[in-house]
Amino acid sequence: MNKLSVISGKSSEDLARKLSKKIKANLVKSEIKVFPDGESKITLIGKISKKKSVVVQSMYPPVDTNLVQALSLITKAKENSSEVVVVIPYMGYARQDREFLPGEIVTMKVLGKLFKSAGASKIIVVDIHSSIGLKHFSIKTKNVTAIPDLVGFFKKLSLKNPLIVSPDQGGKERAKEFAKEFNSDYIALEKTRDRKTGKVEIKTKNLEVKNRDLILVDDIISTGGSIIKATQFLKKQKCKRIYVACTHALLMNDAEKKIKKAGVTSIISTNTIPGKTSKVDISKTIAKAIM
Ligand code: R5P
């Protein structure tokens, strides 16, 4: 069997199915049994190509379980295919890419070793938190962006004098890229986060957002803390509606409810993490990176 195979991990079933259609690959599904102690038993349904297989498994929570499942799928793929491309739509641990405080372990380094030893030839990720993370990998890597896909969604809305806003300086380039694609202006708020307590503050002054619709752009929403702080701040400046565009909506606990309560009209994310807000499909962008 020489056709390309897409091996679908449980955390990315819909995306893997869409991707397999786009790249005309046969789809190999995985059946998972999680035992009472938390161990996963994976059974693959279908034949794996001898030539090349593409493993698709996102690493949203439960992060470690999804990681072990990804490594297991890669190992099995490598037993059959000479080339194994691994798509990790949401790369867990991407924020642990450097030693911020003395003694901290850079988990991205550990992941680099694990993916390589499992048999990955190349890793494709989407909007990784920082490119520093991938520097710890010695195999080929590609970081694709979901920004054009997100912009495509927002172009269909009729917004009033829209302005793109990054909730922090770290996301300035992302906001700039979004604004360029969307053909609008952008700003980046000045946010500070205490590395020990996690407390976030915004210090920006003299904003011209009155009566404008805003799109807050971020890579990840986890607890919602950054978006809530930015929303509360922007609402005080009398802006009109606030939309949120993000690639990876983890939305832990009741983050979505809290974000809406703070005054956000709608949260739009991609299917790197499937859920209520993942209205933007990125399978076409991933397909381009594979072919
Ligand atoms: C921070 O640098 C990231 O780009 C996100 O803004 C952050 O990870 C979001 O986390 P949370 O939703 O918990 O504020």
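Here the structure is shown first, and the text comes after it.
A brief structural summary.

Digging into the packing of helix α4 (residues 147-155) against helix α5 (residues 172-182)
Item 1. α5 packs onto α4 with a crossing angle of 50° between their chain directions and a minimal axis gap of 9 Å. Between α4 and α5, the crossing angle belongs to the class labelled oblique. Every pair of crossing elements has a handedness; the one defined by α4 and α5 is right-handed. Residues I147, P148, L150, V151, F154 and K155 of α4 touch α5, and the partners they reach there are R174, E177, F178, E181 and F182.

Notes on the sheet that holds strand β13 (residues 242-249)
Item 1. Taken together, the six strands give an open sheet; going across it, the order is β9-β8-β12-β13-β14-β15, and neighbouring strands pair in parallel fashion. Each edge of the sheet is formed by a strand with only one pairing partner; in this case those strands are β9 (185-188) and β15 (278-280). Along the sheet, successive strands turn relative to each other by an average axial angle of 35°, direction set aside.
Item 2. Across four bridges, strand β8 (residues 163-166) lies against β9 in parallel orientation. Bridge pairing in β9 links I164 to Y186.

Quick look at α4
Item 1. Buried within α4 are the following residues: I147, L150, V151 and F154. Around the axis of α4, the buried residues are gathered within 100° of arc, so they sit on the same side.
Item 2. As for α4, its buried residues are in contact with α5, β12 (214-221), β13, β14 (264-270) and β15.

Looking at the pattern of salt bridges
Opposite charge on two side chains makes pairing possible when the charged atoms of those side chains draw close.
Item 1. With the rule as written, the count across this model stands at 14 salt bridges.
Item 2. A salt bridge links E13 to K10, with the shortest nitrogen-to-oxygen separation between them at 2.8 Å.
Item 3. Residue classification places E13 among the partly exposed residues on the basis of a relative accessible area of 37%.
Item 4. Since its relative accessible area comes to 39%, K10 is described here as partly exposed.
Item 5. As a salt-bridge pair, K18 and D14 come within 2.7 Å of each other at their nearest N and O atoms. Here K18 pairs with D14, and both are found in helix α1 (residues 13-22), just four residues apart, close to one helical turn.
Item 6. Among the residues examined, D14 registers a relative accessible area of 34% and is labelled partly exposed.
Item 7. Salt bridges sharing common partners tie together D14, R17 and K18.

What to know about the packing of aromatic side chains
Item 1. Taken as a whole and judged by the stated rule, the model has five aromatic pairs.
Item 2. With a centroid separation of 6.1 Å and 25° between ring planes, the pair formed by F115 and F137 is classed as stacked. On the criterion of sequence distance, the pair formed by F115 in helix α3 (residues 107-118) and F137 in the loop between β6 (122-126) and β7 (140-144) is long-range, its members being 22 residues apart.
Item 3. Under the relative-accessibility criterion, F115 is labelled buried at 0%.
Item 4. Consider the rings of F154 and F178, whose centres lie 6.0 Å apart with planes at 70°: the pair is edge-to-face. Remark: F178 occurs in helix α5 and F154 occurs in helix α4; sequence separation between them is 24 residues. The same class applies to F154 and to F178, which are both buried.
Item 5. Joined through ring pairs, the aromatic side chains of F153, F154, F178, F182 and Y243 make up one cluster.

Concerning the sheet that holds strand β3 (residues 40-45)
The pairing of strands in a sheet comes from backbone hydrogen bonds and takes either a parallel or an antiparallel form.
Item 1. One open sheet holds the seven strands; their spatial order is β3-β2-β1-β4-β5-β6-β7, and the pairing between them is mixed. Two strands lie at the open edges of the sheet, namely β3 and β7, each paired on one side alone. Strand-to-strand, the axes of this sheet are offset by a mean angle of 20°, without reference to chain direction.
Item 2. Relative to β3, strand β2 (residues 26-34) is paired through six bridges, and the arrangement is antiparallel. In the strand pairing of β3, V34 is matched with S40.
Item 3. The strands that helix α2 (residues 63-80) touches are β1 (5-8), β2, β3, β4 (52-56) and β5 (83-88); relative to β3, the one it contacts most, it runs at about 40°.

Re the site of the ligand
Item 1. Neighbouring residues of the ligand: 13 residues in total, closest D218, D219, S222, T223 and S226.
Item 2. Measuring from an oxygen atom of the ligand, one finds a side-chain N or O atom of D218 at 2.6 Å.
Item 3. In this structure, an oxygen atom belonging to the ligand sits 2.6 Å away from a side-chain N or O atom of T223.
Item 4. Relative to its unbound accessible surface of 370 Å², the ligand loses 86% to contact with the protein.
Item 5. Only β12 and α6 (225-236) provide two or more residues apiece to the shell around the ligand.

A short note on the environment of I202
Item 1. Note that I202 resides in strand β11 (residues 200-202).
Item 2. Among the residues examined, I202 registers a relative accessible area of 17% and is labelled buried.
Item 3. Separated by 92 residues in sequence, I202 and V110 place their C-alpha atoms 34 Å apart.
Item 4. Contact partners of I202, with chain neighbours within four places excluded, come to L189, E190, K191, K229, A230 and F233.

Criteria and thresholds
In this convention, every chain numbers its residues from 1, walking through the sequence in written order. Only residues with pLDDT of 70 or above have their local features reported here, since the model is predicted, and side-chain atom pairs are shown and tallied only from 80 upward, although totals for entire chains, interfaces and linings are computed over all residues. Water and hydrogen atoms play no part in the side-chain values, which are based on all heavy atoms of the structure. An axis is simply a line fitted to the C-alpha atoms; with a helix, the fit covers only the stretch in contact. Between two such axes, the angle follows the N-to-C directions and lies from 0 to 180 degrees. Comment: elements are numbered from the N terminus, with helices defined as DSSP H or I runs of at least four residues and strands as E runs of at least two. Any angle between 65 and 115 degrees counts as roughly perpendicular, while under 35 counts as roughly parallel, over 145 as roughly antiparallel, and the rest as oblique. A crossing counts as left-handed when the near helix is turned anticlockwise from the far one by less than a right angle, and as right-handed when that turn is clockwise. By the convention used here, residues are in contact when the closest approach between their heavy atoms is within 4.5 Å. Strands qualify as paired when DSSP identifies two bridges or more between them. Each residue is assigned to one of three classes by its accessible area relative to the maximum for its type, calculated with a 1.4 Å probe on protein chains only: buried under 20%, partly exposed between the two thresholds, exposed over 50%. In this description, one arc is meant: the one made by directions from the helix axis to the C-beta atoms. Salt bridges are defined as contacts in which a side-chain nitrogen from Lys or Arg sits within 4 Å of a carboxyl oxygen from Asp or Glu. Here a Phe, Tyr or Trp ring, Trp counted by its six-membered ring, pairs with any other such ring whose centre lies within 6.5 Å, and the pair is stacked when the planes are under 30 degrees apart, edge-to-face when over 60, and tilted otherwise. Nearness here has a simple test: a residue counts as near a molecule or strand if at least one of its heavy atoms is within 4 Å of that partner. What qualifies as a polar contact is a pair of N or O atoms within 3.5 Å, subject to a donor-acceptor requirement within protein and to the restriction that residues adjacent in sequence count only when both atoms come from side chains. All accessible-area figures derive from a Shrake-Rupley calculation using a 1.4 Å probe, and residue coverage is judged against the displayed protein chains alone.

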